[in-house]
Amino acid sequence: MWRLVPPKLGRLSRSLKLAALGSLLVLMVLHSPSLLASWQRNELADRRFLQLNKCPACFGTSWCRRFLNGQVAFEAWGRLRLLDFLNVKNVYFAQYGEPREGGRRRVVLKRLGSQRELAQLDQSICKRATGRPRCDLLQAMPRTEFARLNGDVRLLTPEAVEGWSDLVHCPSQRLLDRLVRRYAETKDSGSFLLRNLKDSERMQLLLTLAFNPEPLVLQSFPSDEGWPFAKYLGACGRMVAVNYVGEELWSYFNAPWEKRVDLAWQLMEIAEQLTNNDFEFALYLLDVSFDNFAVGPRDGKVIIVDAENVLVADKRLIRQNKPENWDVWYESKFDDCDKEACLSFSKEILCARATVDHNYYAVCQNLLSRHATWRGTSGGLLHDPPSEIAKDGRLEALLDECANPKKRYGRFQAAKELREYLAQLSNNVR
C-alpha cells in the first residue's frame, strides 16, 4: 500500500508569495485599529480563542489556569491574526513563565489540525448527534461514539477504538491501559481504570485518539523516560502546549559534515529504539520528513516533534497470538517514487510481524540516503561526504543497502553496520 506523505506546509511559488505579502500589506492598512488591538492583547487568555467553549469536544483543560492567567503569550508576529492564513498547520510559538520561577521559556502551541479539519470535526459531531451540520457541541458530544464509554465502564478495550487512528490501528489491551494510566488531562492519572475518569475526560480522551493522537503518544512514551519525543505540557480547549525543542532538522541540511554525521547516527539510534526496546512495543513512524524532527540547540539531541502518524504494535501480543507468518522477518519494499517524503508500507503487516525493518527503511530513504528529497533538494543529510569517505565507498554502500537492499534481509544488516560506522565517524562509540 502506498502512503504518500506530502510536505505539510506546502510551498508557495515566488509570485504567489509576493501576491500574498502585497495583500497582507493592504489588509494591514485597512485594519490598522484591529491590528493594533490584536498586537496589544493576549488572546491566549481568551476562552473563545482557546475554544474552551467547545469542551468536551476538545483536547483537555490541564493548562487552562496558565493560559487564562496570562502566563502564556504569543511571540512577536504570532500575535497578528492576519497572518493566520499562512499558518496552515495551526502551530504557534509562545513564551511561558511561572511567577515563582522568575523566567520564561519557549513553548510550541498546536491546534492539532488545520482550520478546515477542525471545522469538519465539528460538523461530523453535529451530524452524528443531530443530523445537522451545526449544533451545540456540549449537548451533542454525549450523543456520539465519544460517549460510548461513559458511565460505569471499567476499561478502554481494543474493540472500542481499533482503527480510529494510526496509534490504535491494532491496539493491545496493554497499550490501551498505558494510554489511560498516563493520560495527563485528568487529576487522577495513574490508574488504567476508565471509571476513575470523569465522563468529560473520557470523551476528550476518545476525541483526541480519533482526531490526532499525538498528545497521547507524547504522554504514553514521555521524553522524561528517554523516549525521543517532545515533552507534553498540557492543553486548554483546542490548544495543546509542548516543549520547544529547537530548529527543524531541515535547518541542518548544510551543516558541517561532523554535525551531520552525528545527527545521522542519532536518527539511526531512534529507529533502533522505536523498533527494539525492553517494553516490547514497536513504534513505527509512518510520516518521516525533515520537518518532523528537531535538534536541541544546547545538547544537539534529535527529537521527534510531529508524532501524529505513529503506529504502535505490541510485540508481546504478536508472539502470544502467533498470526500467520508472525516470525518471518518483514522487509519493507523500496519504491523510488517521484514525490517528496513518501513511504511504502502495509499497516496490517506492521501489526502482525515481530521483526520489521520499517523504521530503518524510513530513516534511510527519506532522510539519509541519496534517495531522500525535500524542498527541491536531493542527496539526503549525508550528501557531499569528505573525499576520503567518498573514495572509500563504504558509507554510500551501506546507505544504498539500507534504503534499497539488494540482498535478502540486507537492510537489517546494513542498518546495524551503518549505526556502528556512523558512531565511529562521530566518536559516539559506546
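Residues numbered from 1 in each chain as written. Predicted model: local features only at pLDDT ≥ 70, side-chain atom pairs only at ≥ 80, totals over all residues. Heavy atoms only, no water.

Under the annotation held in an unreviewed UniProt entry, the chain carries the name FAM69 protein-kinase domain-containing protein and is attributed to Diceros bicornis minor. The heading Sequence similarities (unreviewed entry) in the UniProt record of the chain holds the text "Belongs to the DIPK family." In its Subcellular location (unreviewed entry) section, the UniProt record describing the chain reads: "Secreted". (UniProt positions renumbered as here; feature names shortened; annotations may be inferred.)

**Q** Lay out the nonpolar core in plain terms, naming residues and giving numbers.
**A** When a protein is soluble and globular, its nonpolar side chains tend to lie buried together. With 110 residues, the main nonpolar core has Phe229 and Met268 as its most contacted residues. No other element matches the 10 residues that helix H10 (residues 257-275) contributes to this core. With sequence-adjacent residues up to four places away left out, Met268 is seen in contact with Tyr360, Val363, Cys364, Leu368, Cys402, Ala415, Leu418, Arg419 and Leu422. One finds Leu52, Leu233, Cys236 and Met239 within the second-largest nonpolar core, a separate group that totals 20 residues. (Core = buried A, V, L, I, M, F, W, Y, C linked by side-chain atoms within 4.5 Å. Buried < 20%, exposed > 50% of the residue type's maximum accessible area, 1.4 Å probe, protein only. Helix = DSSP H or I, 4+ residues; strand = E, 2+ residues; numbered from the N terminus. Contact = heavy atoms within 4.5 Å.)

**Q** Which residues make up the side chain of Asp291, and what values go with them?
**A** As for its placement among the helices and strands, Asp291 is situated in the loop between strand E8 (281-285) and strand E9 (293-295). At 2.9 Å, the side chain of Asp291 forms a polar contact with the side chain of Arg375. The residues contacting Asp291, other than those within four sequence positions of it, are Glu248, Trp250, Val305, Trp374 and Arg375. (Polar contact = N/O pair within 3.5 Å; in protein donor to acceptor, adjacent residues only side chain to side chain.)

**Q** How would you explain the sheet that holds strand E4 (residues 103-110) if you had to name every residue and give the values?
**A** If you trace the five strands from one edge of the open sheet to the other, you get E2-E3-E4-E6-E5, paired in antiparallel fashion. At either margin of the open sheet sits one strand with a lone partner, and together these are strand E2 (72-74) and strand E5 (232-236). Each neighbouring strand pair of the sheet contributes to a mean axis angle of 35°, computed without reference to strand direction. With three bridges connecting them, E2 and strand E3 (residues 91-98) associate as antiparallel partners. If you follow Phe74 over to E3, its bridge partner there is Ala94. (Pairing = 2+ DSSP bridges. Axes fitted to C-alpha atoms, helices over the stretch in contact; angles between N-to-C directions.)

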